[in-house]
Amino acid sequence: MAHSVTANKQQNKIVNLFIDGEFRPSLDGHFFERLNPSTQLPACCVADGNKRDAQQMIFAATRSFESWAGLSLDKRIQIFQQAKQLLPSFRERFANAMRNEIGATHDWIHFNLKVCIDVIDAAIELAQKHPINTPSQMSEDGYHLRQPAGICLAIAPWNAPIALGMRAIIFPLIFGNTVIFKASNMSPEAHLLIAELLHAVGLPAGVLNVINNAPEHSEDVIRFLISSPAIRRINFTGSTRVGRIIAGMAAQNLKRCLLELGGKSPVIILQDADMEQACNAVIHGAFLNQGQICMATDRIIVEQAIADDFTTLLVEKAQRLQAQSPNHKDCKLGPVASPSIAQRLSELIEDAINQGARLLTGSAIQGQFIDATLIDRITPMMRIYSEECFGPIAGIYPVDSVDEAISLANDCEYGLAAAIFSQDQALAQSIAQRLESGVCHINSSTVRDNPKQPFGGLKASGYGRFGGDASIDEFTELRWITL
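Residues numbered from 1 in each chain as written. Predicted model: local features only at pLDDT ≥ 70, side-chain atom pairs only at ≥ 80, totals over all residues. Heavy atoms only, no water.

Quick word on the overall build of the chain
Then comes step 1: Along its length, the chain carries 15 helices and 23 strands.
Then comes step 2: A compact globule built from 483 residues should have a C-alpha radius of gyration of about 23 Å, and the chain, at 23 Å, falls within 12% of that.
Then comes step 3: Overall, the chain is about 70 × 65 × 40 Å in size when its C-alpha atoms are taken along their principal axes.
Then comes step 4: Every one of the 483 residues in the chain was classed for burial, and the buried ones make up 58%.
Then comes step 5: Surface accessibility of the chain: about 19,200 Å² in total, with carbon and sulfur atoms responsible for 50%.
Then comes step 6: Both charge centroids of the chain, one from 41 positive and one from 50 negative side chains, sit 6 Å from each other. (Helix = DSSP H or I, 4+ residues; strand = E, 2+ residues; numbered from the N terminus. Rg over C-alpha atoms; globule rule 2.2 N^0.38 Å. Buried < 20%, exposed > 50% of the residue type's maximum accessible area, 1.4 Å probe, protein only. Areas by Shrake-Rupley, 256 points an atom, 1.4 Å probe, with all protein chains shown as cover. Lys, Arg positive; Asp, Glu negative; His and termini not counted. Charge placed at Lys NZ, Arg CZ, Asp CG, Glu CD.)

Encoded structure:
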């Protein structure tokens, strides 16, 4: 809860807002605390931004838009290339913020920083391929012209704060837009460090502004920003529940938005699959970052002929993953990010077991520490069958045929990522074409990232795409100029 900080403010790290090139407290002087999920002690005190702070950001972004949009692409690229070069010097600060705020393990920190660099490269390559303010499609009576959309509102989640935070802002920025970045109240320092990194390499004042606020104030601030005539585009990565709210606000104000939402990713393992390869990919996809990834492997669909052997191998590997503090050097599974997540996961497990499911691995939840958990004998009556887990839990579903596997995989409101394991490439590709997912990987984990490719979901997993040519319309306006 937001409050005027006294003793805690003096003892803990302060995370301010970033407005017009300056780090500032909120206008009303209020702060809120983000707790460390491992210790439950304050990780930092965070400025609680409000609508007046948001309005200052709109002024700054509006004032800087024309000069930023008019800057040559080479000069914009130079800034972001310098950010890549400076990133290693920020590594320990990013790592400490991610450990303290979300309980990130070493592997997840490394993944975030790698993808952050890949995102910068992808944005630069895309901007070079589709330059703004340059006539194209020339004809006798005119031409096409792409121009920056204006001020973009970028809303990124806490679970991959560096990778998804950079993704939310770099694509609009590289095309000459200015950005107001709504950081997550669960990873405020990690998100603000992105702004500090870009500020250090000379990103002009006002081009990027960052607002944090206590959870109870988020909806009011976002509604204010979306309703502002100055805001032209919105991108949001987060839960489907909040995505529906964002989409409704955007629709009321006739604003285009890109939504990358929740998932309940299936992996289909056919009887000819390389079981060791498939098993390792499932462990990676289900338990990396405690399963708190939109692409996480949630449903393990395996052909009956190998189900027993595969399950035995999978359980053996999962039992080695016991949750512990990410400060341990060899930690592979840290705490989930909040008590509410732990409570919801506990309820999912309890509901399934009470209705006849079998717990194959996993022990009693200790606070926010949850060991790798596998469950089978799941039926459609159980919550875990249809609800996104978003934690270190996965279900095993034996099936008798390929058609049954496809039907089960598609029996879900989500459609973000999927994976198929088979040595028959033709069969795997035919299955991929029948799956209702925005992304499908053959013989690799559901958790796989390449920012140069179009990424997004179907159904309740959202609409629009980050990356690839498909994302151009998300961040630019296409005009037809006649002669």
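So, next bit.
Some thoughts on the sheet that holds strand E6 (residues 136-139)
Then comes step 1: One open sheet holds the three strands; their spatial order is E6-E7-E23, and the pairing between them is antiparallel. Either end of the sheet is taken by a strand with one partner, and the two such strands are E6 and strand E23 (476-482). Sheet twist, expressed as the mean angle between neighbouring strand axes with direction ignored, is 25°.
Then comes step 2: Here E6 pairs with strand E7 (residues 142-148) via two bridges, running antiparallel. In the strand pairing of E7, Ser-136 is matched with His-144. (Pairing = 2+ DSSP bridges. Axes fitted to C-alpha atoms, helices over the stretch in contact; angles between N-to-C directions.)

Looking at the pattern of salt bridges
Then comes step 1: A full pass over the atoms with the stated rule returns 23 salt bridges.
Then comes step 2: Here Asp-107 and Lys-332 are joined by a salt bridge, their closest N and O atoms 2.9 Å apart. One end of the pair, Asp-107, is in helix H4 (residues 106-129); the other, Lys-332, is in the loop between helix H10 (304-318) and helix H11 (339-354), with 225 residues separating them in the sequence.
Then comes step 3: The partly exposed category is assigned to Asp-107, whose relative accessible area is 31%. (Salt bridge = Lys/Arg side-chain N within 4 Å of Asp/Glu carboxyl O.)

Observations concerning the nonpolar core
As a rule of thumb, nonpolar side chains are buried together in soluble globular proteins.
Then comes step 1: With 111 residues, the main nonpolar core has Phe-80, Met-166, Ile-169, Phe-171, Leu-198 and Leu-208 as its most contacted residues.
Then comes step 2: It is H4 that contributes the most residues to this core, 12 residues altogether.
Then comes step 3: Excluding its chain neighbours within four sequence positions, the residues that come into contact with Leu-208 are Phe-18, Ile-169, Val-179, Phe-181, Ala-195, Leu-198 and Leu-203.
Then comes step 4: Counting 29 residues, the second largest nonpolar core, distinct from the first, contains Ile-300, Leu-321, Leu-333 and Leu-360. (Core = buried A, V, L, I, M, F, W, Y, C linked by side-chain atoms within 4.5 Å. Contact = heavy atoms within 4.5 Å.)

Remarks on the UniProt feature "domain: Aldehyde dehydrogenase" (unreviewed entry) in the chain
Then comes step 1: In this numbering, the UniProt entry assigns the feature "domain: Aldehyde dehydrogenase" (unreviewed entry) to residues 30-481.
Then comes step 2: As a span, residues 30-481 carries 43% helix and 21% strand, and end to end its C-alpha atoms are 49 Å apart. (UniProt positions renumbered as here; feature names shortened; annotations may be inferred.)

A closer look at helix H7 (residues 218-227)
Then comes step 1: Among all positions in H7, only Ser-218, Val-221, Ile-222, Leu-225 and Ile-226 are buried. The buried residues of H7 occupy an angular sector of 125° when projected down its axis, which confines them to one face.
Then comes step 2: For H7, the secondary structure elements touched by its buried residues are helix H2 (51-70), strand E8 (151-155), strand E9 (178-182), strand E10 (208-211), strand E11 (231-237) and helix H8 (240-252). (Arc of directions from axis to C-beta.)

Quick notes on the sheet that holds strand E19 (residues 417-421)
Then comes step 1: Ordered in space as E15-E16-E17-E14-E13-E19-E20, the seven strands form an open sheet in which the pairing is mixed. Of all strands in the sheet, those with a lone pairing partner are strand E15 (358-361) and strand E20 (439-442), marking the two edges. Within the sheet, the average angular offset between the axes of one strand and its neighbour, ignoring direction, is 25°.
Then comes step 2: Two elements, strand E13 (residues 265-269) and E19, share three bridges in a ladder whose sense is parallel. Bridged to Ile-268 within E19 is Ile-420.
Then comes step 3: Along the sheet face, helix H9 (residues 275-287) touches E13, strand E14 (297-303), strand E16 (373-376), strand E17 (393-399) and E19 and points at about 160° away from the line of E14.

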